[in-house]
Amino acid sequence: MIGLISATAAGAAARDRLAAAWPDRTRVYGGPVADAVRTAFAECGQLVCFLATGAVVRLVAPLLDDKRTDPGVVCVDEGGRFAVSLVGGHGGGANDLARAVGEVLGAEPVVTTATDAVDLPGLDTLGMPVEGDVAGVSRALLDGEPVALRAEVAWPLPPLPLAAEGAYAVRVTDRLVEPAEREAVLRPPSLVVGVGASKGAPAEEVLGLVEAALRDAGLSKASLAELATVDAKAGEPGIVGAAERLGVPLVTYSAGRLAGVEVPNPSEAPLAAVGTPSVAEAAALAGGGELLVPKRKSERADGSPAMATCAVVRRPGRGRLAVVGLGPGARDLLTPRALAELRRASVLVGLDQYVDQIRDLLRPGTRVLESGLGAEEERARTAVAEARRGQAVALIGSGDAGVYAMASPALAEASDDIDVVGVPGITAALAAGAILGAPLGHDHVSISLSDLHTPWEVIERRVRAAAEADLVVTFYNPRSRGRDWQLPKALAILAGHREPATPVGVVRNASRPDESSRLTTLGGLDPATVDMMTVVTVGNTATREIAGRMVTPRGYRWQAAREDAR
């Protein structure tokens, strides 16, 4: 919950705007300001104070305890010009809150955290526990000193300027080790503990077994990702309680699923009880990984039979492939989601000219793998291979990456051993359509006239079908130096079904600084004026030029009524 506190009418007006925008996330605190701050600090995870920063500093200073647990505090000035991240920039989420408040109120977010100021992800913002010399390693990164990456567990990390050697180090491990001098240790959530339990098994017995299994194997409890068990035990209080006390989710699988998992220590007892020869080992291995601790039973002080079993598995970090559409070229048509993926990726793969468009948006430490035209399949294979190595990869394409771009070759190469995320982008057809007016107002189709990958016979059949179906047609890749006859042929096919006066829109470099566009007709278009940077949109029989714009009505009945009225 976000506590909102104000002292003046202007502050209250901005406070109420934020409360209206986030009704389920905010709570307004009234009364004396000092009392409101104290109450909100104790009750909320974050605060937005519509007060001067000096006043808030004095009010919250006595309340501060630990930056890992203190709420994040943001101050907004009386004029609503700035949203200042004051306390808990990383741990309390105040930096992100300041940006979010800025978006709602139109205020400029002010973030002074050192790593954010130079566009480096903080080690305490990576979504995993971190310990050791975090401040020293962060300072070394900020100062440009070589910081070594010691990855004992392959895990996708955001871009960080890490080296093979250095006086400081970032260590990625799930082992129970003490950080060395000048070392920050990241604990990835790589461990899964499968648990089985008899009915009525105490939570203390399950918890003690899990903790002992991890400790005896030299594994860190901070890297525990989840407990896993069979569906029949989903409500077993001892297992549920242990998961709650460990602060991890409880994942369950059907007996049939677990029965199909090969394990080293099957048993008749669970087969008779819940329908699978293994619960602990099978549940731990159900999501894949390496068995580190085979089935182990709990030990009871009175010597009575054990009521719990567990097994521990290390799951490798799954690589992540984001296939990102950059849009038609204008920076303001790059979506926020695409920008977030570009900044999240530790490896960027793309066509050299597209990389140049967004190179300035990449975080320091991003590894860029670029290549030229004609290497599309190689780029797809490279991106998938990097993801399989456990990297966070962004594979970029212009427009929408799924439209005549990199998504299809990449996904044809990828299997289910990596996570794949598609990020849509504004296509050239949509950008051109917006420039021309509303040519895509009714059913439409896009056809590429490049026969480098598709035989011309197939392309011609598709053009003919679109012509017969009276669809608006957008032609991609219409003409190049080596392909100058395909566009005239396609236009001739359409001319067999449409009048010469049918509107045609021609847009070159849509949304870019050298953008150009014009309206012509099917009979008047000169194919020699078209090149590979051009999108050609041919209207259907209902498309009209209205006030210099190309318009395809949404319904023929509307068009007929208008013409009758004339």
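Residues numbered from 1 in each chain as written. Predicted model: local features only at pLDDT ≥ 70, side-chain atom pairs only at ≥ 80, totals over all residues. Heavy atoms only, no water.

**Q** It is not clear to me how unusual backbone geometry should be interpreted in this structure. Could you clarify?
**A** A negative phi holds for most residues other than glycine; trans holds for most peptide bonds. Positioned with a positive phi, Arg182 is a non-glycine residue whose angle comes to about 60°. Turning to its location among the elements, Arg182 is positioned in the loop between strand S10 (168-172) and strand S11 (183-186). Even without glycine at this site, Ala547 takes up a positive phi of about 55°. Tracing the backbone through its elements, the reader meets Ala547 in the loop between strand S28 (544-546) and strand S29 (549-551). On the basis of relative accessibility, which here comes to 62%, the residue Ala547 falls in the exposed class. (Helix = DSSP H or I, 4+ residues; strand = E, 2+ residues; numbered from the N terminus. Buried < 20%, exposed > 50% of the residue type's maximum accessible area, 1.4 Å probe, protein only.)

**Q** Just checking my understanding: could you explain the packing of aromatic side chains for this structure?
**A** Any aromatic ring pair is given by two values, namely how distant the centres are and how the planes are angled relative to each other. Applying the stated criterion across every chain, the model contains two aromatic pairs. Consider the rings of Tyr404 and Tyr476, whose centres lie 4.8 Å apart with planes at 55°: the pair is tilted. Separated by 72 residues along the polypeptide, Tyr404 in the loop between strand S20 (392-397) and helix H15 (407-413) and Tyr476 in strand S24 (residues 472-476) bring together distant segments of the chain. For Tyr476, a relative accessible area of 11% gives the class buried. A ring pair is formed by Trp456 and Trp485, whose centres lie 5.1 Å apart and whose planes are at 70°; its orientation type is edge-to-face. Here Trp456, found in helix H17 (residues 456-468), pairs with Trp485, found in the loop between S24 and helix H18 (486-495); they are 29 residues apart in sequence, far enough to count as distant. The exposure class assigned to Trp485 is partly exposed, which follows from its relative accessible area of 42%. Across the ring face of Trp22, the terminal group of Arg25 is positioned such that the distance to the ring centre comes to 4.2 Å. (Phe/Tyr/Trp six-rings, centres within 6.5 Å; stacked < 30°, edge-to-face > 60°. Lys NZ or Arg CZ within 6 Å of the ring centre and 35° of its normal.)

**Q** Where do I start with the pairing of strand S25 (residues 503-508) in this structure?
**A** When a strand is regular, its side chains alternate between the sheet's two faces. Taken across its six residues, S25 has five buried, putting it largely inside the fold. Looking at chain direction, S25 and strand S26 (residues 516-521) are connected through six bridges and run antiparallel. Bridge assignment links Arg508 to a residue of S26, and that residue is Ser516. Alignment of S25 against strand S27 (residues 534-538), held across five bridges, turns out to be antiparallel. Pairing of Val507 across the sheet is with Val535, part of S27. (Pairing = 2+ DSSP bridges.)

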